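One letter stands for each residue in the lines below.
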Amino acid sequence: MAIVVEHDKRKHEILEKALEVFIEEGYEDVTFQKIADRCGITRTTLYIYFKNKREIFLWSIKQLTSGIEVGLVSFIEDKKLTCEQCLRSMLKLIVDACEENKKLFSILLSYLLTLQKTGGDPGLRVRRRLVRLQHLLSTVIIRGIKKNEFKPVSVKTANEMLYGLIQSAIFRLSVLDEKTIDDIRETLNMAVDGILKNN
């Protein structure tokens with residue numbers, strides 16, 4: 001059991017350091033050797049954990065999104081929060097994570113475009129990672145409707161509106177290189193105001 005724990009810990013450390021390399025150099029310029037050098041290990045050792053650069057990159061993204069999901073779930077499980085407070089906290093966490101990982105989203109965009117050029121389906125990759133996010137947002141909206149905090153809106157429509165604003169934030173940060181997205185934060189808050197029962 002200790003060997004498995006040590007292996008998982010080492011893998012986690014490799015992913016964190018690899019993510020730094022991807023952010024600094026971009027997906028295309030990163031090599032297996034550069035990742036191994038950053039981790040202070042040989043390429044042969046790196047092959048014990050991952051089969052190629054692409055796998056490391058995808059695991060790094062998964063590790064990041066999993067961390068965000070943990071934060072979102074903690075808001076949902078916090079019984080002291082109203083549904084409104086929960087939804088606002090979740091949206092703030094997501095937008096903060098977008099701003100903090102702005103460079104990573106640029107690299108992810110580059111990766112998805114490369115995937116598309118080679119015949120892959122970037123939409124499928126994105127949808128796989130975001131299904132959980134949309135489910136968590138829907139959970140809070142449904143709970144808010146049941147508790148009579150939110151208007152009886154279409155959950156799908158409300159989710160699409162919030163998700164669309166998050167996508168806009170990512171686009172503006174990664175493609176348009178905007179420094180801040182405070183207006184998106186304001187718009188998300190207005191969107192929540194729009195579904196509140198007392199408005």
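Because the structure is a prediction, the values reported are computed rather than measured.

Novice: Mind laying out the overall build of the chain, listing which residues take part and the relevant values?
Specialist: In terms of regular secondary structure, the chain is built from nine helices and zero strands. In the chain, the order of α-helices and β-strands from amino to carboxyl end is α-α-α-α-α-α-α-α-α. Expressed along its principal axes, the backbone C-alpha trace of the chain runs to roughly 60 × 45 × 30 Å. Each of the 199 residues in the chain was classed as buried or not, and the buried ones make up 37%. Put simply, of all contacts in the chain between residues at least 6 apart along the chain, 65% involve residues at least 24 apart. Summed over all atoms, the accessible surface of the chain reaches about 11300 Å², with 57% contributed by carbon and sulfur. Distance between charge centroids for the chain: 5 Å, based on 32 positive and 27 negative side chains.

Novice: With reference to specific residues and values, describe the packing of aromatic side chains.
Specialist: On inspection of all chains with the given rule, the structure shows four aromatic pairs. When the ring of F22 is compared with that of Y27, the centres are 5.9 Å apart and the planes differ by 15°; the resulting orientation is stacked. Comparing F22 with Y27 shows no difference in burial state: the two are buried. Cluster of aromatic residues (ring-pair linked, three or more members): F22, Y27 and F57. We note K11 situated over the ring of W59; from NZ or CZ to the ring centre the distance is 4.2 Å.

Novice: Residue-level account of helix α5 (residues 83-100), with values.
Specialist: The terminal C-alpha atoms of α5, which comprises 18 residues, lie 25 Å apart, in line with the 26 Å expected from a rise of 1.5 Å per residue. Every buried residue belonging to α5 is among C83, C86, L87, M90, L91, I94, V95, D96, A97 and C98, and all of these are buried.

Novice: Tell me about the nonpolar core, residues and numbers included.
Specialist: In terms of nonpolar packing, the biggest core is built from 55 residues, with L46, I56, F57 and L87 touching the most fellow members. Other than its neighbours up to four places away in sequence, F57 contacts F22, Y27, L104, I107, L108 and Y111.

Novice: Would you mind going over a nonpolar patch on the surface in detail, with residue names and values included?
Specialist: Nonpolar side chains collect at one region of the surface, where L109, L113, F171, V175 and L176 lie side by side and expose about 420 Å² of accessible area between them. Mapping L176 onto the fold places it in the loop between α8 (155-174) and α9 (182-195).

Novice: Residues and numbers for the pattern of salt bridges, please.
Specialist: Per the counting criterion, the structure on display carries twelve salt bridges. Close ionic contact of R38 with E20 constitutes a salt bridge, the shortest N to O distance being 3.2 Å. Of this pair, R38 sits in helix α2 (residues 32-39) while E20 sits in helix α1 (residues 2-25); the two residues are 18 residues apart in sequence, bridging distant segments of the chain. Judged by relative accessible area, E20 falls into the partly exposed class, the value being 40%. One salt bridge connects R185 with D96, and the closest N-O pair in it is separated by 2.6 Å. Pair noted here: R185 is in helix α9 and D96 is in helix α5, with a separation of 89 residues, a long-range link. The network of salt bridges with common partners includes K92, D96, E99, D182 and R185.

Novice: Lay out the environment of S60 in plain terms, naming residues and giving numbers.
Specialist: With respect to the element layout, S60 can be found in helix α4 (residues 53-77). Given the relative accessible area of 1%, S60 is considered buried. The sequence separation of S60 and R143 amounts to 83 residues, and the corresponding C-alpha distance is 32 Å. Not counting chain neighbours up to four residues away, the residues in contact with S60 comprise L15, A18 and L19.

Novice: Explain the side chain of R185 to me, and be specific about the residues and the numbers.
Specialist: Within polar-contact distance, the side chain of R185 engages the side chain of D96 at 2.6 Å. If near-sequence neighbours (up to four positions away) are discounted, R185 is found in contact with K92, V95, D96 and E99.

Novice: Would you mind going over the environment of I184 in detail, with residue names and values included?
Specialist: Here I184 lies in helix α9. C-alpha separation for the pair I184 and R172, spaced twelve residues apart in sequence, amounts to 9.8 Å.

Here is what the cut-offs are and how they apply
- Residues numbered from 1 in each chain as written.
- Predicted model: local features only at pLDDT ≥ 70, side-chain atom pairs only at ≥ 80, totals over all residues.
- Heavy atoms only, no water.
- Helix = DSSP H or I, 4+ residues; strand = E, 2+ residues; numbered from the N terminus.
- Buried < 20%, exposed > 50% of the residue type's maximum accessible area, 1.4 Å probe, protein only.
- Contact = heavy atoms within 4.5 Å.
- Areas by Shrake-Rupley, 256 points an atom, 1.4 Å probe, with all protein chains shown as cover.
- Lys, Arg positive; Asp, Glu negative; His and termini not counted.
- Charge placed at Lys NZ, Arg CZ, Asp CG, Glu CD.
- Phe/Tyr/Trp six-rings, centres within 6.5 Å; stacked < 30°, edge-to-face > 60°.
- Lys NZ or Arg CZ within 6 Å of the ring centre and 35° of its normal.
- Expected span 1.5 Å × (residues − 1).
- Core = buried A, V, L, I, M, F, W, Y, C linked by side-chain atoms within 4.5 Å.
- Patch = residues over 30% accessible without salt bridge, like charges linked within 9 Å, V, L, I, M, F, W, Y side chains within 5 Å.
- Salt bridge = Lys/Arg side-chain N within 4 Å of Asp/Glu carboxyl O.
- Polar contact = N/O pair within 3.5 Å; in protein donor to acceptor, adjacent residues only side chain to side chain.

That is the geometry; function is a separate question.
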